[in-house]
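Chain and residue survey
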Amino acid sequence: MIDTTFLITAFVTMFVIIDPIGLAPLFLALTQGQDVKKRRSVAVRACVIAMVILILFALLGESLLGFIGISMPAFQVSGGVLLFLTALDMLFERRTKRREDQADEDDNEDPSVFPLAIPLIAGPGAIASVILLTNQRPGLEGLGMVLGVTAAVVLIAFGLFLASGLIEKALGKTGITVLTRLLGMLLAALSVQIMLDGLAAFGFGPGAG
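Quick caveat: nothing in here was measured; it's all calculated off a predicted structure.

**Examining the overall build of the protein**
- A count of helices and strands for the protein gives nine helices and zero strands.
- When the helices and strands of the protein are read in sequence order from the N terminus, they spell out α-α-α-α-α-α-α-α-α.
- Going through the 209 residues of the protein one by one, you find that 45% of them count as buried.
- Look at the contacts in the protein between residues 6 or more apart in sequence, and 84% of them connect residues 24 or more apart.

Okay, here's the thing in structure tokens:
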């Protein structure tokens, strides 16, 4: 039986972390002056490359952590801290500014690999999230659900990339700011829960066994 609660949590986590709505204006800026065909090509490459990276970390992330001697509870705590810092950036608009700076530093005509795929879509937060989520629901079913929701979010990002001009006009700068801050508050709560789960595994807190 499909765990809808886990699916919703996983989707919200990946949606907030990848932030397709916040990426749309940056995609527009990075592909300024390009025709529709070229923009579509850039969007396809960026989303495919980002998805491949996230699949690799979902499959091999925990094994890689074990190889270098990092326990999953330790990664949960550190990953929760990372997500919480991302939430603070969203709440105080530092994340958007940093992403714009990364976009400005790009001198390539094709921004699909950098900065779009890495680090804007498959950044540290997204990588940490897929590892944490696959650990929360071990097995093929959990992996399938995590990869499924990740693919759904990346597809949403792809669709918003293609419609980035329309979205920017519809929401306006104020609308995007309000939405980003609301998502930041939600991410802050999720990150604290991840940290509490990690601490409980260490033997601290109410969830400790």
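**Thoughts on the packing of aromatic side chains**
- Scanning all chains against the criterion turns up two aromatic pairs.
- Here Phe11 and Phe15 contribute two aromatic rings whose centre-to-centre distance is 5.8 Å and whose plane-to-plane angle is 25°, an arrangement assigned as stacked. Pair noted here: Phe11 and Phe15 are both in helix 1 (residues 4–18), with a separation of four residues, about one helical turn.
- With a centroid separation of 4.6 Å and 10° between ring planes, the pair formed by Phe27 and Phe161 is classed as stacked. Taken as a pair, Phe27 in helix 2 (residues 20–30) and Phe161 in helix 8 (residues 140–162) lie far apart in primary sequence, 134 residues in all. The same class applies to Phe27 and to Phe161, which are both buried.

**Looking at the packing of helix 2 against helix 8**
- Where helix 2 contacts helix 8, the axes come no closer than 9 Å and their chain directions differ by 35°. In this structure, helix 2 meets helix 8 at a crossing whose hand is right-handed. Together, Pro20, Ile21, Leu23, Ala24 and Phe27 of helix 2 and Val153, Ile156, Ala157, Leu160 and Phe161 of helix 8 make up the contact between the two elements.
- Among the residues forming the contact of helix 2 with helix 8, the class breakdown is 10 nonpolar, no polar and no charged.

Definitions and cut-offs
- Residues numbered from 1 in each chain as written.
- Predicted model: local features only at pLDDT ≥ 70, side-chain atom pairs only at ≥ 80, totals over all residues.
- Heavy atoms only, no water.
- Helix = DSSP H or I, 4+ residues; strand = E, 2+ residues; numbered from the N terminus.
- Buried < 20%, exposed > 50% of the residue type's maximum accessible area, 1.4 Å probe, protein only.
- Contact = heavy atoms within 4.5 Å.
- Phe/Tyr/Trp six-rings, centres within 6.5 Å; stacked < 30°, edge-to-face > 60°.
- Axes fitted to C-alpha atoms, helices over the stretch in contact; angles between N-to-C directions.
- Left-handed = near helix turned anticlockwise from the far one by under 90°.
- Nonpolar A, V, L, I, M, F, W, Y, C, P; charged D, E, K, R; others polar.

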